[in-house]
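The residues making up each chain are set out below.
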Amino acid sequence: MEKIKAMGMNTVSFYSHWGYHAPTNDTLDFETGAHDIGRIYEIAKNLGLFVHARPGPYINAETSAGGMPLWLTTGEYGALRDNATVFTGAWRPYMSKVEEITAPFQVTNNGTVILYQIENEFPNQWSNVEEKIPRPVPIAYMETLFENAQSNGIVVPLTHNMPNRQAKAWSIDYDTAGARGNVHIYGLDNYPTCWSCIPSDCSTSNPSFTLMDYTAHFNEVSPKQPSMMPEFQGGALNPWDGPAEGCEAKTDESFVNFYYRDNVAQRVTILGLYMIHGGTNWGWIGAPFVPTSYGYSAAIAENRTIGSKYYEIKSLALFTRAAKDLTKTDIVGNSTSYTDNEAITTIELRNPDTDAGFYAIRHTDPTSSDEQSLRLSVRTSAGNFTVPIVSGNDKMSLNGHVAKILVTDFNYGRMNLVYSTAEVLTYGIFDSQPILVLWVFNGEGGEFFIEGATSGKVVGGDASKVQFVKPEKGLIANFKDQTGMTVVTTNEGARVLLMDRDTAHLFWVPALTTDPTVPVDQVAFVQGPHLVRGAQLEGSVISIRGDSNETKRIEVFAAKQAKTIRWNGKRLKTQRTNWGSLTAEIGGPEVFETPKLGTWRVQDSLIERHTNYSDSGLAWVDADDMETSSQYDDATKPYLYSNQYGFHNGVHLWRGYFNGTADVVYLEVQGGIAHGWTAWLNGKFIGSFLGDLSSSTGAKEFSFPNETVSDKQNVLLVMQDITGHDQGSGSLNIRGIVNATLLNSESGFSSWKVAGTAGGATGSFLDPVRTHYNEGGLRAERLGWHLPGFDDSRWPKKSPGDGFTGAGVRFYRTHLPLDTPAGHDVALSVKLNFDSDETSNSFRGYIYINGYQYGRYYPYLNDAMNTFPAPPGVWNYNGDNVIGLAIWNQEEKEVKCDLEVKVEYVLASSLDVKFDGTYLRPGWDEKRLLYT
Ligand code: GAL
């Protein structure tokens, strides 16, 4: 969240996940571990960020069942996202609790929550959109959600987001039919280059850099509301079969530069970037589009790295934060006739109160990658101009796949910028004097006109590149070939900083206040560091917090009282420049290498396959339901649907008994896209379904070897994993065994038992902090071998790299002692490696870090997706870490796999990654022993 603030954002949006807070239908947890959403509000408030809360009930596609609790998936609650009493009764306690927690944090109570979204991409208001024929059930559902929020004291605007431009639902302006169910602010989501790293996942995938007309849409659907895009593409999710590194190029720095400026040009005044950080990387895994642990190619990567995409968004966000006149504009023109170049289209925005102008220029053919040059005609308070004026033959340039927003009559403090061909980055007021910051692409030039300025002088940087002209009403400065920073004084005390893009990328505007609107006289300017997280001015010291990746000089602009720079708590030898700023040298990071992993120990995690294993313990329940509430009732009876028995996540074990011989078993198992299963008869492996990227069901027939099947009692063990529940109404698709049929058997299966997450059958999961999403019914999980504090000292010493043969599951465990250097942020991930020449890829790996399941590795489906970052708090940077690895060998061949801990980056930083996160990592306890 510090990185989001540092980027210039004024708001952070988050989904709250109903299933995470409601492990059962009569429990709500907003307290343990990381469950307290009030903390998010507090942190946001302290950082100066508004919050757009988005609690559901349904949230998103990438998480199991869209974030709805999995106890809803049995069919007992009827259709989901419906207005029937039984479904309303299910969501009301959760939504009411979120609302109760949220209400005191609203902006109206001096808090920080400014918008509140009900439901997510629920487009069902109309059965016929154009004729406005209402659909009563979804409307009643939305009305109930709306009333619930208001009756719990939510007074900030209620919002919603449409997945496309066709549905036009829930907008009070569009609902001239009186259909009801509308929210206060309508929103439209859009993912112009497809929300997936694999373009064929999208029904329509536009070639890069094509644009859509949002203005017409908002004019039609929500003309009296702010034009809001709660989700605009900030990256793309990475499915199981996506490229290992994600697809950063698809939404790179040009993408964000170009598209986000177009959004601004189309008068979008609430723009949410989906996603700004990471990916859907928790222990739960949904289907069908679910990455294992893969990021969203977002500006702040899953491993918390920032780079040029982040910096590029920052340049625009700093501008929109300072350009207050941009919040109220009309589109007064949109054509190619603003410039002398047909290849360029301009949208002109005007603030009707101040007459400030914003000219958004881009290529007429947005897909064009040519560099163009142009002169732009602008209307200003000082007259009409075709700019640049001064530069002789030199025109303004515009590269392909980027856009510019150029201002006229832009007030900065007491000064007025009549026009500028360089983009405004920001401005600030220091000791009542303004500093304006302009930027151009590396090597480009620019020109600006300041009203009333009487003199101009280059006081820092290369004076030979800047030329001044004095028209009647002020001063025009023209600069060429910008590299680095140039400092111009334009009057006594007023300064203009000119910079190239690289310099702008490392230019920060930390707020000296927690007011999210960041008044321009309460900022500092800092150029140079990798990241500036915050600043404080006290007496003569300007204290700056941030991250550094190298030793370098930084430059700080602050009020004159500041004489010394303190960087991450350390006073620096500070000098003052001729142009009034302070400079000092900051240090780079120390070298840090991960310590070696401790001794690996191993244990068999699948003794349940053997005939002499007793399944009479608490871990197991009889799977004997002859009835189901599921609409999918055409299946083997008793119903072998896991949710029906209280088991929802991860591995499930099914034990089926039959007497007398049989020849063949036919099994159809459903676990979601990419799931797999393996079967053993009387302890002997009979076969596996290795997984499939396009099917959530795996059907196979296996004949029994003669020596395996007994003429007395036989037990078949089926081990399956669940990759989550499908999105939307697909959530109700069952998980478990759809068909288990014996051929040439006298009586067929006589009974079944099932084991899943410990405690599931009685609705009392054992780990409220990590939640039941974190663990399935693997023996290692039930017994808590993945948890810190479990004693493995008597286990044999063997590492996953030593390998093993035979279908089965081995659980490996080791320790990683960490003591990262103080004052450093270190990003760590776990990486699995194996040599495909040496070993089979028919295995599944489950990775646990201090008890958190932080990745699933399915090399048979994608062996390159093998790196799983985890954040501080999951890691303990100040002591012992337990790493667990379950290897499920799906065939008899040998499997060998190495695990390494990888350092993603080391930065000198103010972020305290060594905080005491013990509360997030509860240890093993004896209750686990009951689930043997
Ligand atoms: C939207 C949805 C988000 C996310 C996104 C794709 O439809 O609202 O939650 O699923 O698509 O990443």
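Residues numbered from 1 in each chain as written. Predicted model: local features only at pLDDT ≥ 70, side-chain atom pairs only at ≥ 80, totals over all residues. Heavy atoms only, no water.

Stated formally: UniProt positions are given in the numbering used here, feature names are shortened, and annotations may be inferred rather than shown by experiment.
The name given to the protein chain in an unreviewed UniProt entry is beta-galactosidase, and the organism recorded there is Aspergillus mulundensis. Under the Function (unreviewed entry) heading, UniProt states for the protein chain: "Cleaves beta-linked terminal galactosyl residues from gangliosides, glycoproteins, and glycosaminoglycans." Its UniProt record gives the protein chain a comment under Sequence similarities (unreviewed entry), which states: "Belongs to the glycosyl hydrolase 35 family."

## Some points on the packing of aromatic side chains
What counts here: Classification of ring pairs uses Phe, Tyr and Trp, with its six-membered ring standing for Trp, and accepts pairs whose centres are within 6.5 Å; under 30 degrees between planes counts as stacked, over 60 as edge-to-face, and the remaining range as tilted. In this description a helix means any DSSP run of H or I spanning at least four residues, a strand means any run of E spanning at least two, and both kinds are numbered starting from the N terminus.
If you walk through the whole model with that rule in mind, you get 59 aromatic pairs. Plain terms: the ring middles of Y41 and F105 are 5.2 Å apart, the flat faces sit at 45 degrees to each other, and that makes the pair tilted. Taken together, the residues Y41 in helix α3 (residues 37-47) and F105 in the loop between α4 (85-102) and β3 (113-117) connect sequence positions 64 residues apart. Ring plane angle 45 degrees and centroid distance 5.6 Å describe the contact between F385 and Y419, whose orientation is recorded as tilted.

## Description of the UniProt feature "domain: Beta-galactosidase" (unreviewed entry) in the protein chain
According to UniProt, the feature "domain: Beta-galactosidase" (unreviewed entry) maps to residues 325-507 in the numbering used here. Between the first and last C-alpha atoms of residues 325-507 the distance is 23 Å; the span itself is 3% helix and 54% strand.

## Some words on the sheet that holds strand β37 (residues 640-641)
What counts, and what does not: Strand pairing is defined by DSSP finding a minimum of two bridges between the two strands.
Pairing within the open sheet is antiparallel, and its four strands lie in the order β37-β44-β39-β42. Both outer strands of the open sheet, β37 and β42 (697-703), are each paired with one neighbouring strand and no more. In terms of strand pairing, strand β39 (residues 664-670) meets strand β44 (residues 736-743) through seven bridges, oriented antiparallel. From the neighbouring strand, V669 faces β44, where its bridge partner is I737.

## Description of the pairing of strand β2 (residues 50-54)
Test applied: Three exposure classes are used, based on accessible area relative to the maximum for each residue type with a 1.4 Å probe and protein chains only: buried under 20%, partly exposed in between, and exposed over 50%. By the criterion used throughout, a crossover qualifies as right-handed when its path from the first strand across the helix to the second strand runs clockwise, the strands pointing away from the viewer.
Most of β2 is tucked away, with five of its five residues classed as buried. Every second residue of β2 is oriented toward a common face, with F50, H52 and R54 on one face and V51 and A53 on the other, all of them buried. For strand β1 (residues 11-15) and β2, the ladder comprises five bridges, and the chain directions are parallel. Residue V12 lies in a different strand from β2, and its bridge partner there is V51. At this point the chain moves from β2, through α4, to the parallel β3, and the crossover so formed is right-handed.

## With respect to empty space enclosed by the protein
Rules: Lining residues are those with an atom within 4 Å of a point, where the points come from a 1 Å grid over the protein atoms alone and group into cavities, where a 1.4 Å probe fits but cannot get out, or pockets, open sets with protein on both sides within 12 Å along at least five of seven lines. Grid points are joined across faces, edges and corners, and a volume is the space filled by probe spheres set on the points. Gly counts as polar in this scheme, as do all residues outside two lists: the nonpolar Ala, Val, Leu, Ile, Met, Phe, Trp, Tyr, Cys and Pro, and the charged Asp, Glu, Lys and Arg. How far each domain reaches was decided by an automatic or database domain assignment.
Counted by the stated rule, this structure contains six cavities of 30 Å³ or more. The calculated volume of the largest cavity comes to roughly 70 Å³. Forming the walls of the largest cavity are R261, D262, A265, T345, T346, I347, A360, I361, R362, A403 and K404. Elements represented by at least two residues in the lining of the largest cavity include exactly α7 (253-265), β10 (344-350) and β11 (357-363). Across the lining of the largest cavity, the residue classes break down as five nonpolar, two polar and four charged. When residues are assigned to domains, the lining of the largest cavity turns out to be shared by domain 1 (2-322) and domain 2 (324-586), each giving three or more.

## Observations regarding the domain arrangement of the protein chain
Interface extent is often summarised as the accessible area lost during association of the parts. For clarity, the threshold we go by: Residue contacts are counted whenever heavy atoms from the two residues lie within 4.5 Å of one another. Using a 1.4 Å probe, buried area is obtained as the accessible area two parts lose upon being combined, added over both of them. A pair is scored as a salt bridge if a Lys or Arg side-chain nitrogen falls within 4 Å of a carboxyl oxygen belonging to Asp or Glu. Throughout this description, a polar contact denotes any pair of N or O atoms lying within 3.5 Å of each other; where both atoms belong to protein, one of them has to be capable of donating a hydrogen while the other can accept it, and for residues adjacent in sequence the pair is counted only when both atoms sit in side chains.
The assigned domain composition of the protein chain is domain 1 (2-322), domain 2 (324-586), domain 3 (620-755) and domain 4 (770-931). One C-alpha centre belongs to domain 3, the other to domain 4; they are set 28 Å apart. The interface is formed by 25 residues belonging to domain 3 together with 21 residues belonging to domain 4. Summed over both sides, the interface of domain 3 with domain 4 buries roughly 1,700 Å², with 60% coming from carbon and sulfur. Counting the contacts that link domain 3 with domain 4 gives one salt bridge. As a salt-bridge pair, D721 and R844 come within 3.0 Å of each other at their nearest N and O atoms. The interface formed by domain 3 and domain 4 holds 15 residue pairs in polar contact (both at pLDDT 80 or more) in total. Only β38 (650-659), β40 (677-681), β41 (684-689) and β43 (713-722) provide two or more residues apiece to the side of domain 3 that touches domain 4.

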